[in-house]
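# Architecture at a glance
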Amino acid sequence: MPTNFTVVPVEAQGGERDLAERDAWRQEEEEDNRDRGSGDGISRESSPFINSAEMDRGNMYEGKNMALFEEEMDSNPMVSSLLNKLANYTNVTQGVVEHEADEDSKRKEVKVPRMGTFIGVYLPCLQNILGVILFLRLTWIVGTAGVLESFIIVFMCCACTMLTAISMSAIATNGVVPAGGSYYMISRSLGPEFGGAVGLCFYLGTTFAGAMYILGTIEILLTYISPSAAIFKAEEVGEETEAMLNNMRVYGTCIIVLMAIVVFVGVKYVNKLALVFLACVILSIIAIYAGVIKTAIDPPDFPICLLGNRTLSKRSFDVCAKFTERNNETKTTNLWLLFCNSSLPTAMCDDYFSLNNVTEIQGIPGILSGVLIDNLWSTYSEKGSIVEKKNQPSISGSEDLKMGGRPYVFTDIMTYFTVLVGIYFPSVTGIMAGSNRSGDLKDAQKSIPTGTILAISTTSFIYLSCIVLFGACIEGVVLRDKFGEAVDGNLVVGTLAWPSPWVIVIGSFFSTCGAGLQSLTGAPRLLQAIARDGIVPFIQVFGHGKANGEPTWALLLTAAICEIGILIASLDSVAPILSMFFLMCYMFVNLACAVQTLLRTPNWRPRFKYYHWTLSFLGMSLCLALMFICSWYYALIAMLIAGCIYKYIEYRGAEKEWGDGIRGLSLNAARYALLRVEDGPPHTKNWRPQLLVLLNLDCEQLVKHPRLLSFTSQLKAGKGLTIVGSVLQGTYLDKCVETQKAEENVKALMGVEKTKGFCQIVVSPSFRDGISHLIQSAGLGGMKHNTVLMAWPQSWKQTENHFSWKNFVDTVRETTAAQQALLVAKNIDLFPTNQERFTEGNIDVWWIVHDGGMLMLLPFLLRQHKVWRKCKMRIFTVAQMDDNSIQMKKDLQMFLYHLRLNAEVEVVEMFENDISAFTYEKTLMMEQRSQMLKQMQLSKNEREREAQLIHDRNTATRSAPAVKASVAAAMPEKVQMTWTKEKFVAEKHKNKDTNVSGFKDIFNMKPNQSNVRRMHTAVKLNGVVLNKSQHAQLVLLNMPGPPKNRKGDENYMEFLEVLTEGLDRVLLVRGSGREVITIYS
């Protein structure tokens, strides 16, 4: 309902009362502002007539219906401003800090992305996938493996990349993917450890890919463009391969230096030339298809010279015949001289040369020739064997002379199926090119899946069709001739191309150059992205670069690693190495998608819907299989490298919380395990102490007894559950900051002491209730503690600390009620640290009563740790008058034998004798002290009560009559009394007289007989223990339970004190009542 307000001006003559009220109102307003925490402690003007900062803030939200939420706007912004930020979001450029870290301060203005699917994803993927292997090795793979097995190789590799692309599309469309591509996807899906390990492997793969492209460039240059440019020449027969490798090393090093300078000086020119390099690749492929079509009409003339069924290299001769007719004269040819010792027809010749004819066949018979049938099956061979034509007549002769000097075409490596898989696989890599450019795309979530899958489909079609076409058009011996020696040193695939072989040679040369430059450009940025994430400390230096963000140091490292690949010098040896790293990367992309899909995490909502976890698992399995198919030892080395990086990041790396799938998987596994564990209590064989460690904190929230955590880690050795708990007194709202500080301190100490477990700080109005809450509620489900470890309260006798022993005794009672074991470490500050080592000594167990076997189990667990490992275990038990001590010792030894425990056994006889005067006097002093403390406590309570009554009386006289009446009605009768000075003095003297008489009675009292007997037992046992175990490194004793009558709690503390008097390190053990050790297997 609308209400009308009238503003009335305040008159100046309001008087002093109005002024005072206004001042009071202003003061209250300032206090209210301070209470709300809206300022920095400086009082501000809050007059409604002054436009203060608060008013400015109010005006900012005026008319926006936001008054209810204006105090929370700092942490919870308005939806309109949030959407505005998201709409203006631009992906950071590749290699720059990702959007999560320092988003506002580090982001620079970049132009709005404009690239679509075709230019931004499809063409870059096409350029990266098609490359050096297609031009230099695919014909050789088809000739060696045959069309069928080559088809299987290519199909497996393409299926692997297609399945990976489906998984990658799902991850890439599940939110924004900044620069970093596959590294970003894996690290954010599987966590920093996997992300760092696989990211570095992907970086190494990209770097070695650069080396492979450079080696391909040099091979094209020195073999097909300018063989005369070789620096090293073969001086003797058989040294050609070594000379070629040395040429590769020299030229490769020069090209790496040149390319690194180009990348350093102007990376923008590399990106501009990318289109030129892509055009070279596409033109080369078009030339291949044009050449295939031409073979059906007019096959090119590339004759192959055969001796018998052996292929001859045409580099050494010109005429493919033994004799030629010149001027009606028969003369021997250059080929004759290569096999015979003179040019005369009667010369001594090679036996095989003499027995077989020299024939010429067409190297490219054409697609209609039916040569496909001959090329269907594989022809694997040993290293150094001669390339031979199938189904060609041949007469074998005695090979007396060296084969090396003959002009045959030899195989340079041993070939089998798995080697070819390793060499071929790099030709299908490059599928991440689109995701790496996600920052430059108009709609990355649409473009990446479409462009990548289309590119893989296109390249798969090209590869599979090329296999069939090569097999159908080219003669088998030419296909197996890796370097084209039989076709005058031409590139084999070039002989098929139209209009000229040089189209392929020049095109492949520029495409491999471009691919090498792209690798040297992309790899340093990937390393920079990993370094700037801060997850691998030792590579953080590579995150720095030039002022414009160019990664200078990362480029130097990339060039150095690339040089390693160049020094290997063989393209066939480098290819399997980078296959390993790429396959590992693809395997984890599939794993990331499968894990996210199976976990059904709420954030997993990819726009790309055509994926399934079975496809991801199939892709992952295929990647793993291909790794071991390519090279099992390379696969193991790659896994070892990744494993070492993983463990290093886990051990030294920065803490990162990226909401990764592995964490979600751990939570799911933990939930499943907890539900399984809760089915029932653990069997005795599985029982181990699951500890709740109760720590005391000082006023600065630091741990008072750090050795308690040292002892915990020695007892647990990282196994089982450990919950480290402590109690802060107060309310949680008041102690929130102290709680966080205490938790940080405890966790820091746990890290120092290597105590693996959880920290739980409880805030409670009373220390006693807090301990009770911890004992009751610590843990979760079946993972709850079964043992409580605490330190003995050393200062329990001090009068100002009278609550400590009460809390201690109540804790003992509560652990018993909860059926939990209790370990109390006395003199905990004398216990060893984790760095100390006992070279000798004993752990003595005093087994007085049996309460589940804890006493036997604890020394065994302690001796697993290096601190106690060299200590011997001794077990003492006490025999009474009626016991047969000899038989007891035999039975105990047999019991320990069945328990598989090594320990010395000793039975101590303790006969009943008269109670000594010392025991009597000790008991009397204990009871007198207890009674005196009670009297002192009583008098203190009386004084507090008197002060409270006086305070109540003074408060009542100041309050209003109505309030006084209501208070009087509510107060108990004993408070309704009039206090006069005489009555107050008399009451005081009365209390004083009572106290004096009470103290007189204390010195006339006689000790309780029950207490005397208990003290006698404590003194006798202490004497026996001191006699045997005074110099033991640790003494374990049965801890007697507290009395049922709570009046004797303080006496109970005295008994325990007497029992352990004179011992350095004591662990009092109170079992839970259930058996924790068994003789059965």
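Higher on the page you've got the structure.
Residues numbered from 1 in each chain as written. Predicted model: local features only at pLDDT ≥ 70, side-chain atom pairs only at ≥ 80, totals over all residues. Heavy atoms only, no water.

## Notes on the overall build of the protein chain
Regarding its fold elements, the protein chain presents 35 helices and 15 strands. Burial status across the protein chain gives 48% buried among its 1081 residues. For the protein chain, the exposed area adds up to about 55200 Å²; of that, 57% sits on carbon and sulfur atoms. (Helix = DSSP H or I, 4+ residues; strand = E, 2+ residues; numbered from the N terminus. Buried < 20%, exposed > 50% of the residue type's maximum accessible area, 1.4 Å probe, protein only. Areas by Shrake-Rupley, 256 points an atom, 1.4 Å probe, with all protein chains shown as cover.)

## Overview of the side chain of Thr-223
Summarising the element assignment, Thr-223 is placed in helix 9 (residues 192-225). Within the structure, the side chain of Thr-223 is placed 2.8 Å from the backbone oxygen of Glu-219, a separation counted as a polar contact. Ignoring sequence-local partners within four residues, the contact set of Thr-223 consists of Ile-218, Met-244, Arg-315, Phe-483 and Gly-489. (Polar contact = N/O pair within 3.5 Å; in protein donor to acceptor, adjacent residues only side chain to side chain. Contact = heavy atoms within 4.5 Å.)

## Some details on helix 30 (residues 885-898)
Between its first and last C-alpha, helix 30 extends 20 Å over 14 residues, near the 20 Å set by a 1.5 Å rise per residue. By the burial criterion, the buried members of helix 30 are Ser-885, Leu-892 and Leu-896. All buried residues of helix 30 fall inside an arc of 35° around its axis, so they share one side. Exposed side of helix 30, more than 90 degrees from the buried face: Ile-886, Lys-890 and Tyr-897 are the residues found there. For helix 30, the secondary structure elements touched by its buried residues are strand 11 (842-847), helix 29 (854-862), strand 12 (872-879) and strand 13 (904-909). (Expected span 1.5 Å × (residues − 1). Arc of directions from axis to C-beta.)

## Let's talk about the sheet that holds strand 9 (residues 787-791)
On the basis of which strands lie adjacent, the open sheet formed by 10 strands has the order 8-7-6-9-10-15-14-11-12-13 and mixed pairing. The open sheet has two free edges, formed respectively by strand 8 (758-764) and strand 13, since each of these has just one partner strand. When strand polarity is set aside, the average angle formed by the axes of neighbouring strands in this sheet is 20°. Pairing of strand 7 (residues 722-729) with strand 8, which is carried by seven bridges, proceeds in the parallel orientation. Across the sheet, residue Val-727 finds its bridge partner in strand 8, namely Val-762. Across the sheet, helix 25 (residues 707-716) lies against strand 6 (691-695), strand 7, strand 9, strand 10 (821-826) and strand 15 (1066-1070), angled at about 170° from strand 6, the strand it touches most. (Pairing = 2+ DSSP bridges. Axes fitted to C-alpha atoms, helices over the stretch in contact; angles between N-to-C directions.)

## Considerations on the state of the cysteines
Evaluation of the coordinates by the stated rule reveals two disulfides. In this model Cys-305 forms its disulfide with Cys-320; the gap between the sulfur atoms is 1.9 Å. Between Cys-305 and Cys-320, the S-S dihedral sits near 90°, and the bridge is therefore right-handed. Of this pair, Cys-305 sits in strand 1 (residues 303-307) while Cys-320 sits in the loop between strand 2 (310-311) and strand 3 (323-326), and the two are 15 residues apart along the sequence. With its sulfur 1.7 Å from that of its partner, Cys-340 forms a disulfide with Cys-349. On the S-S bond that ties Cys-340 to Cys-349, the torsion sits near 105°, and the link is right-handed. On the basis of relative accessible area, Cys-340 is assigned to the buried category, the value being 9%. Each bonded cysteine in the protein chain gets a number by its place in the sequence, and the pairs come out as 1-2, 3-4. (Disulfide = S-S within 2.5 Å.)

## A closer look at the sheet that holds strand 5 (residues 358-362)
The strands that make up a sheet are held in pairs by hydrogen bonds between backbone atoms, and each pair lies either parallel or antiparallel. Taken together, the three strands give an open sheet; going across it, the order is 2-1-5, and neighbouring strands pair in antiparallel fashion. The two strands at the open ends of the sheet, each matched to only one other strand, are strand 2 and strand 5.

## Focus on the packing of aromatic side chains
Under the counting rule described, the total for this entry stands at 25 aromatic pairs. Three or more aromatic residues joined by ring pairs form one cluster here, namely Phe-323, Trp-336, Phe-339, Phe-353, Tyr-408 and Phe-410. Sitting over the ring of Tyr-408, Arg-310 keeps its end group 5.3 Å from the ring centre. The cationic tip of Lys-482 hangs over the ring face of Trp-140; the distance from NZ or CZ to the ring centre is 4.2 Å. (Phe/Tyr/Trp six-rings, centres within 6.5 Å; stacked < 30°, edge-to-face > 60°. Lys NZ or Arg CZ within 6 Å of the ring centre and 35° of its normal.)

## What to know about a nonpolar patch on the surface
Together, Leu-624, Phe-628, Trp-632, Tyr-633 and Leu-636 give the surface a local cluster of nonpolar side chains, amounting to about 510 Å² of exposed area. Those elements giving two or more residues to the nonpolar patch turn out to be helix 22 (613-630) and helix 23 (632-652). Here Phe-628 lies in helix 22. With a relative accessible area of 34%, Phe-628 lands in the partly exposed category. (Patch = residues over 30% accessible without salt bridge, like charges linked within 9 Å, V, L, I, M, F, W, Y side chains within 5 Å. Salt bridge = Lys/Arg side-chain N within 4 Å of Asp/Glu carboxyl O.)

## Overview of a negative patch on the surface
Taken together, Glu-235, Glu-239, Glu-240 and Glu-242 make up a surface patch of like negative charges. On the secondary structure map, Glu-242 appears in helix 10 (residues 240-265). (Lys, Arg positive; Asp, Glu negative; His and termini not counted. Charge placed at Lys NZ, Arg CZ, Asp CG, Glu CD.)

## Points about a positive patch on the surface
Taken together, the side chains of Lys-754, Arg-837, Lys-866 and Arg-869 make up a positively charged region of the molecular surface. Considering the arrangement of structural elements, one finds Lys-866 in the loop between helix 29 and strand 12.

## Some remarks on the nonpolar core
Ranked by size, the top nonpolar core spans 166 residues in total, and within it Tyr-424 and Phe-470 carry the most contacts. With 20 residues, the top contributor of residues to this core is helix 21 (residues 571-599). Beyond its immediate stretch of four places on either side in the chain, Tyr-424 contacts Ile-133, Leu-138, Ile-141, Ile-153, Val-154, Cys-157, Cys-158 and Tyr-463. Counting residues in hydrophobic clusters, the runner-up holds 51 residues, among them Leu-708, Val-724, Met-854 and Leu-858. (Core = buried A, V, L, I, M, F, W, Y, C linked by side-chain atoms within 4.5 Å.)

## Description of the pattern of salt bridges
This model, assessed by the stated rule, comprises 16 salt bridges. One salt bridge connects Lys-389 with Glu-475, and the closest N-O pair in it is separated by 2.8 Å. In this pair, Lys-389 is assigned in the loop between strand 5 and helix 14 (417-424) and Glu-475 in the loop between helix 16 (444-473) and helix 17 (476-479), connecting sequence segments 86 residues apart. Neither residue differs from the other here; Lys-389 and Glu-475 are each classed as buried. In this structure, Arg-813 and Asp-810 form a salt bridge, with 3.8 Å as the shortest nitrogen-oxygen distance. Placement of both Arg-813 and Asp-810 in helix 28 (residues 802-817) is noted, with a separation of three residues, approximately one turn of the helix. Overall, the relative accessible area of 17% leaves Arg-813 in the buried class.

## Digging into helix 21
Here helix 21 is 29 residues long and its end C-alpha atoms lie 42 Å apart, about the 42 Å a rise of 1.5 Å per residue gives. Burial analysis of helix 21 places 27 of its 29 residues in the buried class, which makes it a mostly covered element.

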